[in-house]
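# Fold and contact review
The chain contents come next:
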Amino acid sequence: MPFKARKAILARLEEVASLAALSPENRNKYQYTIDNLNVHLGMINGAELKGMEKGMEQGLEQGREQGMEQEKKNVARNLKSMGVSIDIIAQGTGLSREQIEQL
């Protein structure tokens, strides 16, 4: 058995032996504390997952908006190169005259 595995097993045995030496009242307090820590860790993990999901949703929404804006500019650039008036391009794409002139 590798040394690292033996060390982990011995550490666990030491922990179990320490718990066995506790009085029933202290063992119950210990278990209560462990249970509370597990509940708190679960809450933290849940909150972290919700935060990650929200961040991903916001990132996707931003990406969609940027993609739509870029597509408007592509259409405007193509129409401008075809000689369509800037006013018509602005009306059709929703871009400002300044934005279209910069393309």
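Secondary structure assignment for the chain yields four helices and zero strands. Listed N to C, the secondary structure of the chain is α-α-α-α in terms of helices and strands. Computed over C-alpha atoms, the radius of gyration of the chain comes to 32 Å, more than 25% over the 13 Å expected from 2.2 N^0.38 for 103 residues, which places it beyond the range of a compact globule. Projected onto its principal axes, the C-alpha coordinates of the chain cover approximately 90 × 35 × 15 Å.

Moving on, we get to helix α2 (residues 24-81). In this model, α2 (58 residues) spans 85 Å end to end at C-alpha, consistent with the 86 Å of a helix rising 1.5 Å per residue. G83, located one to two residues past α2, shows a positive phi value of around 90 degrees.

As for its placement among the helices and strands, T93 is situated in helix α3 (residues 86-93). On the accessibility criterion, T93 (10% relative accessible area) is buried. A C-alpha to C-alpha distance of 6.9 Å links T93 and A76, two positions 17 residues apart in sequence. Not counting residues up to four positions away in its chain, the partners in contact with T93 are K72, V75, A76 and I100. Separated by 3.2 Å, the side chain of T93 and the backbone nitrogen of L95 make a polar contact.

What counts, and where the lines are drawn
Residues numbered from 1 in each chain as written. Predicted model: local features only at pLDDT ≥ 70, side-chain atom pairs only at ≥ 80, totals over all residues. Heavy atoms only, no water. Helix = DSSP H or I, 4+ residues; strand = E, 2+ residues; numbered from the N terminus. Rg over C-alpha atoms; globule rule 2.2 N^0.38 Å. Expected span 1.5 Å × (residues − 1). Buried < 20%, exposed > 50% of the residue type's maximum accessible area, 1.4 Å probe, protein only. Contact = heavy atoms within 4.5 Å. Polar contact = N/O pair within 3.5 Å; in protein donor to acceptor, adjacent residues only side chain to side chain.

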